[in-house]
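Notes for the structure review
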Amino acid sequence: MSVILGVLQSFHSVLINGLITNLGVGAYFLLALLVAVEGPVATLLGAAAASAGLLHPEFVFIAAATGNLSADSLWYTLGYAGKLEWITRFGRRLGFKPEMLDRLQQGMQQHAARILFVAKLTVSFMIPTLIRAGLVKVHWRRWFPALFAGETIWTGSLVLVGYYATLAIKRIELGLEYVILGLSLMFILFI
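Described in the following lines is the structure provided in the data block. (Residues numbered from 1 in each chain as written. Predicted model: local features only at pLDDT ≥ 70, side-chain atom pairs only at ≥ 80, totals over all residues. Heavy atoms only, no water.)

1. Notes on the pattern of salt bridges
This is how it is decided: Counted as salt bridges are all cases of a side-chain nitrogen of Lys or Arg within 4 Å of a carboxyl oxygen of Asp or Glu. Every helix listed is a DSSP run of H or I at least four residues long, and every strand listed is a run of E at least two residues long, numbered separately from the N terminus. Note on exposure labels: buried denotes an accessible area under 20% of the residue type's maximum, exposed denotes more than 50%, and partly exposed covers the range between, all computed with a 1.4 Å probe on protein chains only.
This model, assessed by the stated rule, comprises two salt bridges. Between Lys120 and Asp72 there is a salt bridge; the shortest N-O distance is 2.6 Å. Here the residue Lys120 occupies a position in helix α6 (residues 98–120), and Asp72 occupies one in helix α4 (residues 57–81), the gap between them amounting to 48 residues. Judged by relative accessible area, which is 4%, Lys120 ranks as buried. Of the charged contacts in the structure, one is a salt bridge between Glu151 and Lys120, with a shortest N-O distance of 2.6 Å. Of this pair, Glu151 sits in helix α8 (residues 140–190) while Lys120 sits in helix α6, and the two are 31 residues apart along the sequence. We note that Glu151, like Lys120, is buried. Each of Asp72, Lys120 and Glu151 takes part in one network of salt bridges that share partners.

2. A closer look at the packing of helix α2 (residues 26–37) against α4
Keep this limit in mind: Axes here mean lines fitted to C-alpha atoms, for a helix over just the part in contact, with angles spanning 0 to 180 degrees between N-to-C directions. Angle categories are assigned with fixed cut-offs, so that under 35 degrees is roughly parallel, over 145 is roughly antiparallel, 65 to 115 is roughly perpendicular, and the rest are oblique. In this scheme, a crossing is called left-handed if the near helix is turned counterclockwise away from the far one by less than a right angle; it is called right-handed if the turn is clockwise. In what follows, residue pairs with any heavy atoms lying within 4.5 Å of each other are defined as contacts. All amino acids are sorted into three groups, where Ala, Val, Leu, Ile, Met, Phe, Trp, Tyr, Cys and Pro are nonpolar, Asp, Glu, Lys and Arg are charged, and the leftover types, Gly among them, are polar.
Between α2 and α4, the shortest axis-to-axis distance is 7 Å and the interhelical angle comes to 40°. One finds that α2 runs oblique with respect to α4. Crossing angle aside, the handedness with which α2 passes α4 is right-handed. Within the contact between the two elements, α2 uses Tyr28, Leu31, Ala32, Val35 and Ala36 and α4 uses Phe59, Val60, Ala63, Ala64, Gly67, Asn68 and Ala71. Along the lines of polarity and charge, the residues of the contact of α2 with α4 split into ten nonpolar, two polar and no charged.

3. Section: the side chain of Thr155
What counts here: A 3.5 Å cut-off defines polar contacts: any pair of N or O atoms within that distance qualifies, except that in protein one atom must be a possible hydrogen donor and the other a possible acceptor, and neighbouring residues in sequence count only when both atoms are side-chain atoms.
Residue position: Thr155 is located in helix α8. Judged by its relative accessible area of 0%, Thr155 is buried. Among the polar contacts made by the side chain of Thr155, one reaches the side chain of Glu151 at a distance of 2.2 Å. Contact partners of Thr155, with chain neighbours within four places excluded, come to Thr43, Phe61, Ala64, Ala65 and Asn68.

4. Some points on α6
The α-helix winds at 3.6 residues per turn, so residues separated by three or four positions along the chain end up facing the same way. Worth spelling out the cut-off: By this rule the span expected of a helix is its residue count minus one, scaled by 1.5 Å. By definition, a residue's bend is the angle between the axes fitted to the seven residues ending there and the seven starting there.
Its 23 residues give α6 an end-to-end C-alpha distance of only 27 Å, which falls more than 12% under 33 Å, the value for a rise of 1.5 Å per residue. Helix geometry: α6 is bent most strongly at His111, by close to 90°. Those residues of α6 that sit buried are Leu101, Met108, Ala112, Leu116, Ala119 and Lys120.

5. Overview of helix α3 (residues 39–51)
Between its first and last C-alpha atoms α3 spans 18 Å; for 13 residues at 1.5 Å apiece the expected length is 18 Å, and the two agree. Among the residues of α3, those classed as buried are Gly39, Ala42, Thr43, Leu44, Gly46, Ala47, Ala48, Ala49, Ala50 and Ser51. Just downstream of α3 lies Gly53, where phi reads positive at about 90°.

6. What to know about the packing of α4 against helix α7 (residues 126–135)
Between α4 and α7, the least distance of the axes is 6 Å, while the angle of their chain directions is 45°. By the angle class used here, α4 and α7 are oblique. Remark: the crossing between α4 and α7 carries right-handed chirality. Residue-level inspection shows Asp72, Trp75, Tyr76, Leu78, Gly79 and Tyr80 of α4 in contact with α7, the latter providing Met126, Ile127, Leu130, Ile131, Ala133, Gly134 and Leu135. By residue class, the composition of the contact of α4 with α7 is ten nonpolar, two polar and one charged.

7. Things to note about unusual backbone geometry
Trans peptide bonds make up the majority, and among non-glycine residues the majority have a negative phi. Of note in this structure, Lys137 is not a glycine but carries a positive phi near 60°. Inspection of the secondary structure puts Lys137 in the loop between α7 and α8.

Okay, structure coming up:
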């Protein structure tokens, strides 16, 4: 978390110093691409840019959600292109029994929407769950609405956190400037 805050602070200082000026519509496409590659950090940086007034928060949300859903669709497609027979054949070497794979397949078919919704709200379970949904050929109409709802919560939370964290950093910096100014004046008066 401290690394993310450090990145946000350095990005904020670049924005404050005016090194980045007017960002156009292409910034939202770039943000969607960056989110597809590395979601949470890119979303937080987009929200920081919105907090600095360079982007609009609602468009940051749309771009981030689009990037995440695109990446999720690619992971599902990767699983869909795979074959369960490969898992059955190579799974025996790893200790997977055919009965366990059948039970997992049945569970995914029955509860795909719930599983993907919960997985979307986690960081580490999303990709394997999407690949698994693709492997067992769960139709996209069954899982996409739940994934979209989870995406709305996940991305909305990240945009809110990034936006308001950057505003809080601005307030802290302004407060520190006043403290330093006050200490400098007291030092000058003391001398």
